[in-house]
Structure formats: C-alpha cells, structure tokens
Amino acid sequence: MTLDLDCPPTGNHQNPNKLTSSTPPAITPRPIIIDTDPGQDDALAILAAIAAPELKILGITAVAGNVPLDLTANNALKICELAGRPDIPVFAGRDRPLRRDLITAEQVHGTTGIDGADLPEPTTSLQPQNAVDWITEQLTKANEQEITICPVGPMSNIATVLEAYPTLSSKIREIVCMGGGFFVGGNTTPTAEFNVLVDPEAAQIVLHSGAPVTMLPLDVTHKALMAHHWISKVRTLGTHCGIAAANMLEFYERFDMEKYGTSGGPLHDPNVIAYLLHPEMYKGRYCNVEIETISPLTTGMTVVDWWGVTDRPVNCYYITEVDADGFYNLLLELLARLP
Ligand code: BDR
Ligand code: CA
C-alpha cells in the first residue's frame, strides 16, 4: 500500500476544515481561542478574526513572547478596543516558558510590542482569572472536538493545560498554530523559528498531545510577503483600524526587509485566521514533526519528516504553500469591515 502524504491519515488527524460539495455551508460560528503575544502581526490576526462572522472568539489569552506578559496582555486589550470589541474577554497567562528563561523580540516589534501605531488605552481590564485556568475551564465544559485553539505565540499556555490535563485534548477540534520552520531554516537562530525557540518544550507537548495540530511555519509565511501597495490599500481604508494597521505594519516589516533583503516582510500570524476561513488557499502534508529540546546548537529546531523516512507517527498537518494574493485580498476584505 502506498501512503498519500497529502491526504489526511485515518485517526484524529483528518483535516476538519475540508469542505466537500455535499457539505452544507457552516451556519454556526466556529468557537476559537486566540493565544497570542502581540506583536503587530498578532494584532492583524486578532483584527482579522474579529472581522470574520464565521468565527466566534471565546476569549483571547496572552502569553509572554515578543515582549513581556504585562505588555502583550495590555496590547490585546488595546487591539480589541481599536476594533470596537472591548467585550471580548482577555486573560493573562504564563509570564515565562515552561522550563526556560524568556526570550523577547523588541528588536523586531519595538519596546511596546506594537510600535508604529499609537493605540488608545483600553477602557476595559484584564479578566481576573489566569489564562491557563480559563482555557482549562473552557475545555472541561466543552463537547468533544468543539474548540479550536489558535496559538500565534510561544505555546506555553496551552501546553501547561495539556500537560496537567492530557485528556482535555479530546475537547479540541484543532490546534492551528503559527510556528516552526524547516525548509527555510529559522528566523531567530539558524535552525529555530521564534515561537518554537522561546518554548520548545511547550511546542513538543502540543505536538504530542493527540489533538489535531496544523502548523503554519515560516516555510509558508515567507511565501506571502507584504507589498507596499497592499499596505497603502489598508491605509486608504481611512478607518481607525486601517490606519493603525498600516502604521503597525510599516514599522514591523522594516526589520525583516533589511534582514532578508526583500521589498516586503512576511505577515506570519494572520495566516492562522486565513487558514481557518479558507483552508483551500493552503497546501501541506500530514507528517511527523518533532521539536529539538536538547542540543545547544539546534534548540527549537522543527524537525519535519517530510519524506516519511522514519516510522514516527503522523502528528501534524504541516503547511508549505499559500495563495499569497488570496491571503492579502482576504485580509483587506476583513479589515474593511472594521471601524
Ligand atoms: C512569530 O514570532 C513573532 O515574532 C511573530 O509574532 C510570529 O508569531 C514569527 O516567527
Ligand atoms: Ca506572534
């Protein structure tokens, strides 16, 4: 028997997004939790999700990553405020990785994490509950395979939940994360992508949790670089969100443009939301993915068995292709719906 690696294997790694001609259009919005470390690209992911009626954001959980937790949590509140959705509950989670010291990325995102735009101070406060406890509570009361988790930062929060309560993985419909990189290498060390490098143990726990995991790594985000005329279109929306987004993105892409010598930077995190809305714009392969947690040289490396050369079990839908125009058209369309 030959194994078609582009098709989902049997078991719990079937693509829950794939529509067939007989599938009726979804009418109930898909419940999601956005787990994030804003971050300008995180901000765009949150704005895109808020604008999509197909998604119901149960809450936003902040984690330490691009900048420390107090900033990422406050940034999440500011983004909800900007989008006119201060009612979305925001929870602060872990202020450090599971077993390591925190690494941050102010050189990319600025000292606030969302430099570039001067966002209004939030009128609402953080929820009193810790994000880890809140996610645990949400999963506990959910039906089997009900909730989709969208980590767009280090996966410390969700890994803490799954390490403490492994059976809660059955309540997860899918974990769709931005993280990792294999074919293009790393963006923070030669072999490691930032989100995975910050908390490699967390990423490994998630990959071994038994929940269906879909990864949108650098291999795909680097195939869809921002164009100046696209950012101009975002600015020309003339709305609070459009102008703030354009300001954030112009600040954000300068670092990557210089680093990679390209005329635009990748816009990583919104790919998670675009994938949920239009999985047909993406292509990948079901394969085994492991994270290096021991070697000092390659800590945080995403090791993808793309060619099936080991007998390690399939645990991930690893995405490598995107319709870049489709992605940016969708994002613009979503941003245009916001105030
Ligand atoms: C990831 O790291 C962060 O800097 C971005 O927000 C994104 O989630 C890309 O490596
Ligand atoms: Ca992020």
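Residues numbered from 1 in each chain as written. Chains lettered and ligands numbered in written order. Predicted model: local features only at pLDDT ≥ 70, side-chain atom pairs only at ≥ 80, totals over all residues. Heavy atoms only, no water.

A few points about the coordination of the calcium ion (ligand 2)
This is how the line gets drawn: Coordination shells were defined by N, O and S atoms within 2.8 Å of each metal, extended to 3.2 Å for Na, K and Ca; water is absent from the atom set, which can make sites look incomplete. The cut-offs for exposure are 20% and 50% of the maximum accessible area for each residue type, with area from a 1.4 Å probe on protein chains only; residues under the lower value are buried, those over the upper are exposed, and the others partly exposed.
Protein coordination of the calcium ion (ligand 2) is provided by D37 (OD), D42 (OD), D42 (OD), V152 (O) and D269 (OD), with donor distances spanning 2.2 to 2.6 Å. When the donors of the calcium ion (ligand 2) are listed by position in the chain, the intervening gaps give D-x4-D-x109-V-x116-D. Comparing D37 with D42, the two get one shared label, buried.

Digging into the pattern of salt bridges
The criterion, for reference: Any carboxyl oxygen of Asp or Glu that lies within 4 Å of a side-chain nitrogen of Lys or Arg is treated as forming a salt bridge with it. By the criteria applied, helices consist of DSSP H or I runs no shorter than four residues and strands consist of E runs no shorter than two, each listed in order from the N terminus.
Applying the stated criterion across every chain yields a total of nine salt bridges. With a shortest N-O distance of 3.5 Å, E121 and K78 are connected by a salt bridge. Separated by 43 residues along the polypeptide, E121 in the loop between α3 (106-109) and α4 (131-141) and K78 in helix α2 (residues 69-82) bring together distant segments of the chain. Put simply, E201 and R100 hold a salt bridge, and the shortest N to O gap is 2.7 Å. Taken together, the residues E201 in helix α7 (residues 200-207) and R100 in the loop between β3 (90-92) and α3 connect sequence positions 101 residues apart.

So, the packing of aromatic side chains
To keep things clear, this is the line we draw: Geometry of aromatic contacts follows a simple scheme: Phe, Tyr and Trp rings, the Trp one being its six-membered ring, pair when their centres are within 6.5 Å, and the pair is stacked under 30 degrees between planes, edge-to-face over 60, tilted otherwise.
By the definition in use, this model includes nine aromatic pairs. Centroid distance W230 to Y328: 4.8 Å. Interplanar angle 65 degrees. Geometry classified as edge-to-face. Taken together, the residues W230 in helix α9 (residues 228-236) and Y328 in helix α12 (residues 324-335) connect sequence positions 98 residues apart. Here W230 and Y328 have matching classes, each one buried. Relative to Y317, the ring of Y275 has its centre 6.5 Å away and its plane inclined at 50 degrees; by these criteria the two rings are tilted. Taken as a pair, Y275 in helix α11 (residues 270-277) and Y317 in strand β10 (residues 316-322) lie far apart in primary sequence, 42 residues in all. With a relative accessible area of 0%, Y275 lands in the buried category.

Structural notes on the site of ligand 1
Our working rule: Think of it this way: one heavy atom of a residue within 4 Å of a molecule or strand is enough to make that residue near it. Whenever two N or O atoms come within 3.5 Å, that pair is a polar contact, provided that in protein one can donate a hydrogen and the other can accept it, and provided that, for residues adjacent in sequence, both atoms are side-chain atoms. Only the protein chains shown count as cover for residues, with accessible areas throughout obtained via the Shrake-Rupley method and a probe of 1.4 Å. Each residue is assigned to one class: nonpolar for Ala, Val, Leu, Ile, Met, Phe, Trp, Tyr, Cys and Pro, charged for Asp, Glu, Lys and Arg, and polar for all the others, Gly among them.
Around ligand 1 sit D41, D42, N66, H109, V152, M178, N187, E193, F194, N195, H268 and D269, and that is every residue in its neighbourhood. For ligand 1, an oxygen atom lies 3.1 Å from a polar atom in the backbone of V152. Between an oxygen atom of ligand 1 and a side-chain N or O atom of E193, the distance comes to 2.5 Å. For ligand 1, whose accessible area on its own is 280 Å², the fraction buried by protein is 96%. Sorting the residues of the shell around ligand 1 by element identifies α1 (40-51) and α6 (194-198) as the ones contributing at least two each. Across the shell around ligand 1, the residue classes break down as three nonpolar, five polar and four charged.

Looking at the pairing of β10
Put simply, the test is: Strands were regarded as paired on the criterion that DSSP finds at least two bridges between them.
Within β10, six of the seven residues are buried, which leaves the element mostly enclosed by the surrounding structure. Bridging between strand β6 (residues 213-216) and β10 involves two bridges; their strand directions are parallel. Each residue of the ladder has a partner; that of T214, found in β10, is Y317. Alignment of strand β7 (residues 282-287) against β10, held across six bridges, turns out to be antiparallel. Bridge pairing in β10 places Y286 opposite Y317.

Here we look at the sheet that holds strand β1 (residues 30-36)
Rules: Note on geometry: axes are C-alpha line fits, over the in-contact stretch for helices, and angles between N-to-C directions span 0 to 180 degrees. Any two residues whose heavy atoms approach within 4.5 Å at even a single point are treated as in contact.
Taken in spatial order, the eight strands of this open sheet run β3-β2-β1-β4-β5-β6-β10-β7, and their pairing is mixed. Each end of this open sheet is capped by a strand with a single partner; those strands are β3 and β7. With direction set aside, neighbouring strand axes in the sheet form an average angle of 25 degrees. Across seven bridges, β1 lies against strand β2 (residues 55-62) in parallel orientation. The residue bridging D35 from the neighbouring strand is T61, located in β2. Sitting on the sheet, α4 touches β1, β2, β3, β4 (147-151) and β5 (172-178), and the angle it makes with β2 is about 150 degrees. Against the sheet, helix α5 (residues 156-164) touches β1, β2, β4 and β5, its axis set at about 145 degrees to β5.

Remarks on the pairing of β1
The buried fraction of β1 is high, at seven of seven residues. Neither face of β1 is open: one carries R30, I32, I34 and T36, the other P31, I33 and D35, and all of them are buried. Bridge count for β1 against β4 is four bridges, and the pairing is parallel. Following the sheet pairing, I34 is matched in β4 by C150.

Let's talk about the environment of A49
Examined against the element boundaries, A49 turns out to sit in helix α1. Separated by 228 residues in sequence, A49 and L277 place their C-alpha atoms 9.2 Å apart.

Brief notes about the environment of E137
Looking at the secondary structure, you find E137 in helix α4. Judged by relative accessible area, E137 falls into the partly exposed class, the value being 38%. Polar side-chain contacts of E137 include one of 2.9 Å to the side chain of Q129.

The quantities given are spatial measurements derived from coordinates; they are silent on function.
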